[in-house]
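# Structure at a glance
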Amino acid sequence: MSRRALRRLRGEQRGQEPLGPDALQFALLDDDDAEEEGPKQGLGGRRPGGAGKEGVRVNNRFELINIEDLEDDLVVNGEKSDCTLPDSVSSGNKGRAQRGNSETKQDGDVAKAGFPEQSNASGKLRKKKKKQKNKKSCTGESSENGLEDIDRILERIEDSSGVIHPGPPPLNSRKHVLYVEHRHLNPDTELKRYFGARAVLGEQRPRQRQRVYPKCTWLTTPKSTWPRYSKPGLSMRLLESKKGLSFFAFEHNEEYQQAQHKFLVAVESMEPNNIVVLLQTSPYHVDSLLQLSDACRFQEDQEMARDLIERALYSMECAFHPLFSLTSGTCRLDYRRPENRSFYLALYKQMSFLEKRGCPRTALEYCKLILSLEPDEDPLCMLLLIDHLALRARNYEYLIRLFQEWEAHRNLSQLPNFAFSVPLAYFLLSQQTDLPEHELASARQQASLLIQQALTMFPGALMPLLEYCSVRPDATVSDHRFFGPDAEISQPPALSQLVSLYLGRSHFLWKEPAIMSWLEENVREVLQAVDAGDPAVEACENRRKVLYQRAPRNIHRHVILSEIKEAVAALPSDVTTQSVMGFDPLPPLDTIYSYVRPERLSPVSHGNTIALFFRSLLPNYTTEGERLEEGVAGGPNRNQGLNRLMLAVRDMMANFHFNDLEVPREDNPEGEGDWD
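Keep in mind that this is a model prediction, so the values were computed, not measured. (Residues numbered from 1 in each chain as written. Predicted model: local features only at pLDDT ≥ 70, side-chain atom pairs only at ≥ 80, totals over all residues. Heavy atoms only, no water.)

Attention shifts here to the overall build of the protein chain. Looking only at helices and strands, the protein chain has 32 helices and five strands in total. Within the protein chain, the fraction of its 676 residues that count as buried is 42%. Look at the contacts in the protein chain between residues 6 or more apart in sequence, and 70% of them connect residues 24 or more apart. Working note: accessible area of the protein chain is about 39800 Å², and carbon and sulfur atoms make up 50% of it. (Helix = DSSP H or I, 4+ residues; strand = E, 2+ residues; numbered from the N terminus. Buried < 20%, exposed > 50% of the residue type's maximum accessible area, 1.4 Å probe, protein only. Contact = heavy atoms within 4.5 Å. Areas by Shrake-Rupley, 256 points an atom, 1.4 Å probe, with all protein chains shown as cover.)

The following block contains the structure:
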């Protein structure tokens, strides 16, 4: 009886022979040796003879499929040892398993039927190998070295030699405070966490293979309803790189400059339809999209306003320089260049839409992105907003970390929003139950200390805050000279503007009963310190008089963009009296112009005597023909403008009487003496 028949009678399958003590010993061959000795091996991976020869001896040939488990054991100190299993061995075994030299088709079917059991057996063997892989090493190292992981080995090498070897960063390394995560720039990621993927995506069809748009973007997702994208003439170039920072700038080519000139004329016409006509010829002109978005928002068409902002962001992202990165935090855009301001404003408006849409985590990433473009100057003053978004997103640790790292060189505690938001973050952190008891007590203590400092520095913010929250304070608090009406009236105008901005934006965060009771306790502590004559109270009063004389221009720009009524009402008169354009609010006084807008030359003024005469009488008069020539659409043609001009001149000449003029006598041509 054949061996195959005996195995079938015993219920055994190929590859299920009992394991010997040396069944899991692997000896590795070079590629050349494997090719030469491959045909000599029998089925199942056993060499027929020469047990003393080096080679691969396995009990189950299917176990060679998972060779990566073996390679994990052979990595020592970040480098592969010489004991590596070549790919030719596995490929040779696979080929031998498929050939089946003298086996019939029936035997192959039996082997196929036993495959699940063989895979289970190999899985058990792999588990045993994983338990023992740190005990033995191919290079004969001790068991202690085998138990050490890669991070500990790298730390040991660094400590002994003092030289940092290249390798992966440690797991506990902290990212930059302005680090932007790509996945959080997509609002669908946050909405899916709240409502689920099915509620967010709905019946959206999967993306087709044929791309209508040229590239994949991070800030927006192109829509099929948008006009077909063609390069509008917008690009970005690298200005310089120094001290680890890269300075970029957007550029306009001649075609885009012509569109920009037409846009400025359309804005001066005060007619939104002219901008619509301009977008028909230049559908991805950024400033036109921003200005028309404001017009739609004023008409309460929020969906169209948001769509126009996304289209503007897509146009600018397609123009990015290959080295420009949204997340590195080392790329800079100078706000003094008008070409760069459009990107700032588009990001800010998109952030505002995201906050209103209920995506504070995504809005926080946009806020960090705007701040990282120019963190020193902060042209849009995002430090007045980032604390609010961090609290709304319940990212208390990030707000505390930002305050700790930037307080030394930015004096964040002198801003009312940080002075009140940071202790609130500590208090909300102390209310979490998943933290250890000592951390909760430390957070509560730090929250009380910081809120008392905030109340001492900004006493005029307490009564308006309680009024916003519909809380009637105790008589001992409202009638006290420190928190009474005089505290709000006596503070400088610039400080009143900052307080109004913070309370108008974040007052609802203080309405919880637990927060109000905690605030009441600290208010009483501050009153006791004031009555006791604490010198810190007088020091804070002197500091208020010195620091808040006048708010800088970037704060005024932020107040205009925020559109908070209480803060806008506190703007000084020199800001409210000047014209503010939505596409460029309060431009910097030291603007860097790359090109100059050409003078508005009238075609009528060249060779038309009547037009020159009429313009000399009325310098501010502009014919319809001039407007049409300069690119403003929607008016009558040039001949109609000239006809109106002729009619106006005829009416004026009809009412003009030469007899009413007094002319000098002929005997006195110089005009001296008496007049008739």
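With that settled, the discussion passes to the sheet that holds strand β3 (residues 234–242). Strand order in the open sheet formed by three strands is β3-β4-β5, with mixed pairing between adjacent strands. The two strands at the open ends of the sheet, each matched to only one other strand, are β3 and β5 (331–333). Pairwise comparison of adjacent strand axes, ignoring direction, gives a mean angle of 35 degrees for this sheet. Relative to strand β4 (residues 245–252), β3 is paired through eight bridges, and the arrangement is antiparallel. By the bridge assignment for β4, serine 241 is matched with serine 246. (Pairing = 2+ DSSP bridges. Axes fitted to C-alpha atoms, helices over the stretch in contact; angles between N-to-C directions.)

Let's shift gears to helix α20 (residues 437–457). Counting along an α-helix, one turn takes 3.6 residues, and residues three or four places apart therefore face a common direction. For α20, built from 21 residues, the straight-helix expectation of 30 Å at 1.5 Å per residue is met to within 8% by its first-to-last C-alpha distance of 31 Å. The complete set of buried residues in α20 reads Leu440, Ala443, Ala447, Ser448, Leu450, Ile451, Ala454, Leu455, Thr456 and Met457. (Expected span 1.5 Å × (residues − 1).)

To continue, consider the confidence of the model for the protein chain. Looking at the protein chain, the pLDDT average stands at 74 and 61% of residues meet or exceed 70. Mean pLDDT values for the elements of the protein chain range from 40 in strand β1 (residues 75–76) up to 97 in helix α17 (residues 386–392). In this model residues 133–148 is a low-confidence stretch, pLDDT under 50, and it forms 13 contacts with partners more than four residues away in sequence or in other chains. Considering only residues more than four positions removed or in separate chains, one finds that residues 656–676, a stretch of pLDDT under 50, has nine contacts. (pLDDT = per-residue confidence, 0-100.)

At their nearest, the axes of helix α9 (residues 187–195) and helix α16 (residues 360–373) sit 8 Å apart, and the two run at 155 degrees to each other. By the angle between their axes, α9 is roughly antiparallel relative to α16. The element α9 and its partner α16 pack so that their crossing is right-handed. Within the contact between the two elements, α9 uses Pro187, Glu190, Arg193 and Tyr194 and α16 uses Pro360, Arg361 and Thr362. Class assignment of the residues belonging to the contact of α9 with α16 gives a composition of three nonpolar, one polar and three charged. (Parallel < 35°, antiparallel > 145°, perpendicular 65-115°, else oblique. Left-handed = near helix turned anticlockwise from the far one by under 90°. Nonpolar A, V, L, I, M, F, W, Y, C, P; charged D, E, K, R; others polar.)

The turn joining β3 and β4, which pair antiparallel and follow one another in sequence, is formed by two residues; a positive phi near 55 degrees is taken by lysine 243. Sheet topology note: the β4/β5 ladder contains three bridges and is parallel. Each residue of the ladder has a partner; that of phenylalanine 247, found in β5, is arginine 332.

Under the counting rule described, the total for this entry stands at 18 aromatic pairs. Ring geometry for tyrosine 194 and phenylalanine 195: centres 6.2 Å apart, planes at 85 degrees, overall edge-to-face. The partly exposed category is assigned to tyrosine 194, whose relative accessible area is 41%. Linked through ring pairs, Phe248, Phe250, Phe320, Phe324 and Phe343 together constitute an aromatic cluster. When the ring centre of tyrosine 335 is taken as origin, the NZ or CZ atom of arginine 341, which lies over that ring, is 5.8 Å away. (Phe/Tyr/Trp six-rings, centres within 6.5 Å; stacked < 30°, edge-to-face > 60°. Lys NZ or Arg CZ within 6 Å of the ring centre and 35° of its normal.)

Spanning 14 residues, α16 covers 20 Å between terminal C-alpha atoms, matching the ideal 20 Å at 1.5 Å per step. Burial within α16 is extensive, with 14 of its 14 residues counted as buried.

As a further point, take the packing of α20 against helix α25 (residues 513–531). Interaxial distance between α20 and α25 falls to 9 Å at its minimum, and their mutual angle equals 55 degrees. When the interaxial angle is binned, α20 and α25 end up oblique. You can see that α20 and α25 cross each other, and the crossing is right-handed. The segment α20 lies against α25, with Arg444, Ala447, Ser448, Ile451, Gln452, Leu455 and Thr456 engaging Trp518, Leu519, Glu521, Asn522, Val523, Glu525 and Val526. Across the contact of α20 with α25, the residue classes break down as seven nonpolar, four polar and three charged.

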